[in-house]
Amino acid sequence: MPRCRAYIESLGTVSSAGVGLKQLRRSLFAPNRNCLQICKDLCGRPVPVGVVDDAWLGTTRLPRTARLIEACLVQMPDLSARIKEAGAHRCAVVIGACTSGMPEVEAAMQLRASTGRLPEDFCIRALNLDEPAHFIADRLGITGPAYTISNACASGSMAILSGIELLESGLADFVIAGGVDSLSRFTTSGFAALGAVSDAPCAPFSRERNGINLGEGGALVALVKNKTQSSFMAVAGGFETCDAYHFSAPDPSGAGAEAAMRGALADADLSAEDIDLVSAHGTGTVHNDQMEALAAGRIFGQNVPMASYKRLTGHTLAGAGALQAAIAAAHLTDNPRGRLAANASDYPADPALAARILEEACELGRPVRAVLTNAFAFGGSNASIVFSAP
C-alpha cells in the first residue's frame, strides 16, 4: 500500500476537453479526440489551441481566469460547509498562475492604442499573479494563507505539493490548491518566438512532433490530511527538482526529470512496478519528449505505459500540472476495468524513444492503483506526483 500524504475530497476541472471529470473522461477515451480549434489572432498566424467554450463559463464580467476558476469551483460541493467546519482561518489557498489577467490587460491596451482611453473598469491589479488565489479566498471567505506559485508549467503541481506542506506543517486543515491559466497573445507569441508552437495539432512522442499547442484551463482540488468519507483520491507522494540546465531548453540527459520521478516514487513508498500509468508532461516538442522518454525509460523500462494528453487540452501552462490531477482522477475513479487512455496523437510513437508509449487504449482488468504525473517547466523545474486510490 502506498503512503498517503494527503487526500482529495473534491475536484473541479475545465479545459477544451470538457468541464468536469465525466466530460474529461469521455474525451480521453473518445475515438475521435479532436478538442482543439484554430485561432488566427494569438501569434500572427493560425495555430491550434485548446479554447474553453464560453458557454461552459456563463456570462459574467469577471476576468477570463476568474471565470475558469468559477467553472472549477461549482463542481466542488460542500466547500462552504467544510470551510465553516475547519474555520476560515485554518483554510488556505495555493494556486499556480502564469497569465492571470493578461487577456484583459491586452484588450485594454488595444483599446488605448485605438482610442487613447482605457476601459472605465480597467484595473492594473488584474495582472497581479496573486489575483487568482485571492479571488478564491475572497469568494469562499478563506482568511488563512492565500498565495500563488508561478513557476511556469510546473506551477499547478507545485501548488498542490505546497498545499500538502501546509497541511503537514499544521498551518492549515483544509486547502484549495491547483492551477488555472487563460490564453493570451503575450504567452502564445512568446512561445512562437521560441519556435515552439506547432501549426498542426501536436503529436507527443511521435516522429512527426514539431511543437506545442497552447490551451487554457486547469483544475482545483480540496486537500485534507486525514481520510474522510468524501475522500476519493489520495496524493501518495510527490517530489520537485531543479536542474537549472537552461532558461527554456530541457536537460537532454533527463537527469532532473528522472530525479523528480524517482523522488515521487520514494515519497509514496512505491516501486516502479506499482505504477499503472505515467501521465507525461509530453508537450510535443522534439527535445522535451525525447528527454522525458529517456528519463522514464530508465525508471520504468517497457513495463509501464506512458501517454500525453495535451493533444486534447493544449498546454495550459500553470494549469497543466493541476490538470494532471484530473487526468489521474479520470483513471482512478469510476473505472472498474482499469481502462488506460492512449497517447493522444495522430501518428504512431517514435520507435527511437526509450519509454513504452501507450498507442492504443487498453484495460488492466482491475481498478487502476496508481498514476504518476509529470509537469516540467522552464529553468529546469520539475515536479512529479503519484496519485492513488484512497
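Here, every reference points to the structure presented above.
What counts and what doesn't
Throughout this description, residue numbers start from 1 for each chain and increase along the sequence as written. With the structure being a predicted model, the display of local features is reserved for residues of pLDDT at least 70 and the display and counting of side-chain atom pairs for 80 or more, all residues being used for whole-chain, interface and lining totals. Side-chain numbers come from the whole structure's heavy atoms, not from hydrogens or water. Working definition: helices are DSSP H or I runs of at least four residues, strands are E runs of at least two. Numbering for both runs from the N terminus. Only the C-alpha atoms count toward the radius of gyration. The rule for a globule is 2.2 Å times the residue count to the power 0.38. Each residue's exposure class comes from its accessible area (1.4 Å probe, protein chains only) as a fraction of the maximum for that residue type: buried when under 20%, exposed when over 50%, partly exposed otherwise. Between two residues, a contact is recorded if the distance between any of their heavy atoms is within 4.5 Å. Under the convention used here, a 1.4 Å probe and the Shrake-Rupley method define accessible areas, while residue burial counts only the protein chains that appear. Charge convention: Lys and Arg are scored as positive, Asp and Glu as negative, and His as well as the terminal groups of each chain are ignored. Charge coordinates come from a single atom per side chain, which is NZ of Lys, CZ of Arg, CG of Asp or CD of Glu. Each pair of aromatic rings taken from Phe, Tyr and Trp, with Trp reduced to its six-membered ring, is defined by centres within 6.5 Å and is described as stacked if the planes are under 30 degrees apart, edge-to-face if over 60, and tilted in the remaining cases. Two conditions define a charge sitting above a ring: the NZ of Lys or the CZ of Arg must be within 6 Å of the ring centre, and it must be within 35 degrees of the ring normal. If DSSP finds at least two bridges between two strands, the strands pair. Counted as salt bridges are all cases of a side-chain nitrogen of Lys or Arg within 4 Å of a carboxyl oxygen of Asp or Glu. In plain words, nonpolar cores are sets of buried Ala, Val, Leu, Ile, Met, Phe, Trp, Tyr and Cys residues tied together by side-chain atoms within 4.5 Å. Comment: axis = line fitted to C-alpha atoms, over the contacting stretch for helices; angle = value between 0 and 180 degrees taken between N-to-C directions. Just so you know how the angles are binned, under 35 degrees is roughly parallel, over 145 roughly antiparallel, 65 to 115 roughly perpendicular, and the rest oblique. Residue polarity follows a fixed list, in which Ala, Val, Leu, Ile, Met, Phe, Trp, Tyr, Cys and Pro are nonpolar, Asp, Glu, Lys and Arg are charged, and the others, Gly among them, are polar. Each crossing is labelled by how the near helix is turned from the far one, with a counterclockwise turn of less than a right angle marking it left-handed and a clockwise turn marking it right-handed.

With that settled, the discussion passes to the overall build of the protein chain. Along its length, the protein chain carries eleven helices and 16 strands. For a compact globule of 390 residues, the expected C-alpha radius of gyration is about 21 Å, and the protein chain comes in at 19 Å, within 12% of that figure. Oriented by its inertia axes, the alpha-carbon framework of the protein chain measures out at about 60 × 50 × 40 Å. In the protein chain, which comprises 390 residues, the proportion classed as buried is 60%. Taking all contacts inside the protein chain whose residues are at least 6 apart in sequence as the whole, residues at least 24 apart take part in 81%. Total accessible area on the protein chain stands at roughly 15,300 Å², and carbon and sulfur atoms take up 52% of it. In the protein chain, 32 side chains carry a positive charge and 38 a negative one; their mean positions are 4 Å apart.

With that settled, the discussion passes to the packing of aromatic side chains. Evaluated as defined, the whole model comprises one aromatic pair. Between Phe191 and Phe378, the aromatic rings sit 5.6 Å apart at their centres with planes inclined by 35 degrees, giving tilted as the arrangement. Pair noted here: Phe191 is in helix H7 (residues 185–193) and Phe378 is in the loop between strand S15 (370–377) and strand S16 (381–388), with a separation of 187 residues, a long-range link. On the basis of relative accessibility, which here comes to 13%, the residue Phe191 falls in the buried class. One Lys or Arg, Arg339, reaches over the ring of Phe29 and ends 4.0 Å from the middle of that ring.

Locating Lys22 in the fold gives a position in helix H1 (residues 20–29). Residue classification places Lys22 among the exposed positions, given a relative accessible area of 66%.

Let's shift gears to the pairing of strand S8 (residues 217–224). Along any regular strand the residues' side chains alternate between the sheet's two faces. Extensive coverage of S8 is indicated by the burial of eight of its eight residues. Neither face of S8 is exposed, since Gly217, Ala219, Val221 and Leu223 on one face and Gly218, Leu220, Ala222 and Val224 on the opposite face are all buried. In this structure, strand S1 (residues 6–15) lies alongside S8, joined through seven bridges in antiparallel fashion. Note on S8: the bridge partner recorded for Leu11 is Val221.

With the rule as written, the count across this model stands at 21 salt bridges. The salt bridge partner of Glu9 is Arg82, with a shortest N-O separation of 2.7 Å. Residue Glu9 is found in strand S1, and its partner Arg82 is found in helix H3 (residues 79–86); the two are separated by 73 residues along the sequence. The exposure class of Glu9 is buried, given its relative accessible area of 12%.

To continue, consider the pairing of strand S7 (residues 174–181). Extensive coverage of S7 is indicated by the burial of eight of its eight residues. Neither face of S7 is left uncovered, since the one carrying Phe174, Ile176, Gly178 and Val180 and the one carrying Val175, Ala177, Gly179 and Asp181 both have all their residues buried. Strand direction decides the pairing type here: S7 and S8, joined by seven bridges, are antiparallel. Opposite Ile176, over in S8, you have Ala222 as the bridge partner.

It is worth spelling out the nonpolar core at this point. Of all hydrophobic cores here, the largest spans 67 residues; its most connected members are Val175, Leu223 and Phe387. Apart from the residues within four sequence positions on either side, Val175 is in contact with Ala92, Val94, Gly163, Leu166, Leu167, Val221, Ala222 and Leu223.

Across the interface, H1 lies against helix H11 (residues 318–332) with an axial gap of 9 Å and an inter-helix angle of 80 degrees. Our classification of the angle between H1 and H11 gives roughly perpendicular. Contacts from Leu21, Leu24, Arg25, Leu28 and Phe29 in H1 reach Ala326, Ile327, Ala329, Ala330 and His331 in H11. Looking at the contact of H1 with H11 residue by residue, the classes come out as eight nonpolar, one polar and one charged.

Here we come to unusual backbone geometry. Even without being a glycine, Asp78 presents a positive backbone phi close to 65 degrees. Tracing the sequence through the fold places Asp78 in the loop between helix H2 (64–73) and H3. One non-glycine residue with positive phi stands out, namely Phe205, at about 65 degrees. Relative to the helices and strands, Phe205 resides in the loop between H7 and S8.

This paragraph deals with the packing of H2 against helix H5 (residues 131–140). At a closest axis distance of 10 Å, the pairing of H2 and H5 adopts a crossing angle of 50 degrees. With respect to each other, H2 and H5 are oriented oblique. When you trace H2 past H5, the crossing you get is right-handed. Together, Thr65, Ala66, Ile69, Glu70 and Leu73 of H2 and Pro132, Phe135, Ile136, Arg139 and Leu140 of H5 make up the contact between the two elements. Here the contact of H2 with H5 is composed, by residue class, of seven nonpolar, one polar and two charged.

The next subject is H5. Because each turn of an α-helix spans 3.6 residues, side chains separated by three or four positions end up pointing in the same direction. If you check which residues of H5 are buried, you get Glu131, Pro132, Ala133, Ile136, Ala137 and Leu140. Summarising the contacts, the buried residues of H5 are in contact with H2, H3, strand S5 (91–96), strand S6 (146–149), S7 and S8. Just beyond H5, the residue with positive phi is Gly141, at close to 75 degrees.

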